[in-house]
2 protein chains.
Amino acid sequence: MKKTVAVLGGTGNEGPGLALRWAKSGRYEVIIGSRQAEKAERVAAELNQKLGQNLLRGLTNEAAAQAADICVLTVPYSAQGPTLTGLRELLQGKILIDVTVPLQPPKVSHVHVPPGGSAGQEAQAILGEGVRVVSAFQNVGAAHLAEGDSHIDCDVLVCGDDKEAKAEAIALAEAAGMRGIDAGPLRNGVVVEGLTAVLIGINIRHKAKGAGIKITGI
Amino acid sequence: MKKTVAVLGGTGNEGPGLALRWAKSGRYEVIIGSRQAEKAERVAAELNQKLGQNLLRGLTNEAAAQAADICVLTVPYSAQGPTLTGLRELLQGKILIDVTVPLQPPKVSHVHVPPGGSAGQEAQAILGEGVRVVSAFQNVGAAHLAEGDSHIDCDVLVCGDDKEAKAEAIALAEAAGMRGIDAGPLRNGVVVEGLTAVLIGINIRHKAKGAGIKITGI
């Protein structure tokens, strides 16, 4: 049976592209979650139209989290804490893949190390040990994800303290057209999250839109 | 006139490979620095033998720093503070390229964020504003550097608060057979330094020796 993936806060920049790719892969049931069910339904309908098939559905974040085996959080840093606090009980026993980047506007090209060590560790601290938190997908540009079915020239570095949960994130990276690489424990997420700020700066200086990273030599 | 580059602590893993490549490029006068002059002279002689030309010389760190326009520090994290404190006066007015990675043995594949924000910022704090500190060259494996004259499939991410100093580091990366990329302010060095711990872990898991990174999409 296919696993169900819920993209919580899935109506923003990153969420729809990931959801589209996972649905298209045929390997997952995919739900778009949002604070407002209507918004989630609208984005799911738009993606279904792109796909020409009714593969995705839209639900509130709560209903999406409840229905899913694996939850993926794609919200701005300022919304991460409140969203996870609200979903804490519903997420127990599940895998949470945290895509949060702790950017500090307006200087979004400056690396900001959050008080909890990394956004992923802050998620783990909110959720407690009953949730297996993995940090991943921060470095892939929304523009690339939206391209739909092409392979993306960007690796997905996956940090976490649970091997099985990391393997799920690596499988999701592959289903989305990227190479997933185990990048060590959850605390290493500080580097992967911060790399997004570095890539934003590189985009600005090179007038590019989708700078990414690849691991060489393996 | 060629600029003079001193590789301070240049007898370890990273130093000789960088020094060899810079000397071979013909663009720089290169000095190997060490706490002991004899050790520096021996490594310089070994590199000259490899090159078949007398291009490098070995000096104490103090004499090397004094003679150089640009100093490159390649010492373990535990030696960074004491070395820079001792060279503080000699480095005033110069560029210091800090290659220090704040690894915390024995778990060298775990990212460690140092108290000063990054090793580069700690160097700047010790040296004061009279020294232009740039953070670079942390992600390239010693094995690749030792290969001599081949191009290396690894980018050099360069962090610093002074544009001219960053341009010198980017030129040095190119002279050593790599692409140098401006990665933002000195504080962003926390990501580039930490990436080395991530790459060490990837090397271990993939039974590889020289994992590196490339920026894509620019």
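Cut-offs and rules
Residues numbered from 1 in each chain as written. Chains lettered and ligands numbered in written order. Predicted model: local features only at pLDDT ≥ 70, side-chain atom pairs only at ≥ 80, totals over all residues. Heavy atoms only, no water. Salt bridge = Lys/Arg side-chain N within 4 Å of Asp/Glu carboxyl O. Helix = DSSP H or I, 4+ residues; strand = E, 2+ residues; numbered from the N terminus. Buried < 20%, exposed > 50% of the residue type's maximum accessible area, 1.4 Å probe, protein only. Least-squares fit on C-alpha atoms with pLDDT ≥ 70 in both. Contact = heavy atoms within 4.5 Å. Phe/Tyr/Trp six-rings, centres within 6.5 Å; stacked < 30°, edge-to-face > 60°. pLDDT = per-residue confidence, 0-100. Pairing = 2+ DSSP bridges. Axes fitted to C-alpha atoms, helices over the stretch in contact; angles between N-to-C directions. Right-handed = clockwise from strand over helix to strand, strands pointing away.

Peer 1: Quick question: what am I supposed to make of the pattern of salt bridges here?
Peer 2: Pairs may arise between side chains of opposite charge once their charged atoms sit close together. In total, this model carries 18 salt bridges over all chains according to the counting rule given. A salt bridge links A:Asp182 to B:Arg205; the nearest nitrogen and oxygen atoms lie 3.6 Å apart. Here the residue A:Asp182 occupies a position in strand S8 (residues 179–182), and B:Arg205 occupies one in helix H8 (residues 189–206), the pair thus bridging two chains. According to the relative accessible area criterion, A:Asp182 is buried, its value standing at 17%.

Peer 1: Looking at this structure, I do not really get the relation of the copies chain B and chain A. What am I missing?
Peer 2: Each of the two chain copies can be generated from the other by rotation about an axis followed by a shift along it. Rotating chain B by 180 degrees about the axis while translating it 0.0 Å along that axis superimposes it on chain A, leaving an RMSD of 0.0 Å. As the rotation angle and translation indicate, the two copies are arranged about a two-fold axis. Of the residues that chain B buries at the interface, 100% are likewise interface residues in chain A, meaning the two copies contact each other through the same surface.

Peer 1: Explain the packing of aromatic side chains here, please?
Peer 2: In this description, a pair of aromatic rings is defined by centroid distance and the angle of the planes. Residue and element names in this part refer to chain A. For the structure on display, the rule yields two aromatic pairs over all chains. Taking 5.6 Å as the distance between ring centres and 80 degrees as the angle between the ring planes, the aromatic pair formed by Trp 22 and Phe 137 counts as edge-to-face. With Trp 22 in helix H1 (residues 15–25) and Phe 137 in the loop between strand S6 (132–135) and helix H6 (142–146), this pair connects stretches of sequence that are 115 residues apart.

Peer 1: Can you walk me through the confidence of the model for chain A in this structure?
Peer 2: Keep in mind that low pLDDT regions are not for reading the predicted coordinates in detail. Looking at chain A as a whole, the pLDDT averages 96, with 99% of positions reaching at least 70. Across the interface, the model reports ipTM at 0.95; the global pTM reads 0.96.

Peer 1: How should the environment of A:Pro76 be read in this particular structure?
Peer 2: All names here are of chain A. Tracing the chain through its elements places Pro 76 in the loop between strand S4 (70–73) and helix H4 (77–91). We classify Pro 76 as exposed; its relative accessible area is 56%. Counting along the chain gives 17 residues from Pro 76 to Leu 59, while the straight-line C-alpha distance between them is 19 Å.

Peer 1: What is the right way to look at the sheet that holds strand S8 (residues 179–182) of chain B in this model?
Peer 2: Whenever strands of a sheet pair, they do so through backbone hydrogen bonds, lying parallel or antiparallel. All names here are of chain B. The eight strands are arranged S3-S2-S1-S4-S5-S6-S7-S8 in an open sheet whose pairing can be described as mixed. The open sheet has two edge strands with one neighbour each: strand S3 (56–60) and S8. Taken over all neighbouring pairs, the strand axes of this sheet differ in orientation by 25 degrees on average, direction set aside. Note that strand S2 (residues 28–34) and S3 share five bridges and pair parallel. In the strand pairing of S3, Val 30 is matched with Leu 56.

Peer 1: What exactly am I supposed to notice about the pairing of S4(A) here?
Peer 2: Successive residues of a regular strand alternate their side chains across the two faces of the sheet. All names here are of chain A. The side-chain alternation of S4 yields two buried faces, one formed by Ile 70 and Val 72 and the other by Cys 71 and Leu 73. Looking at chain direction, strand S1 (residues 3–8) and S4 are connected through four bridges and run parallel. When the bridges of S4 are listed, Val 5 appears paired with Ile 70. Both S4 and strand S5 (residues 95–98) contribute to a ladder of four bridges, which runs parallel. Residue pairing for S5: Cys 71 is matched across the bridge by Leu 96. Regarding the hand of the β-α-β motif, the stretch spanning S4, H4 and S5 is right-handed.

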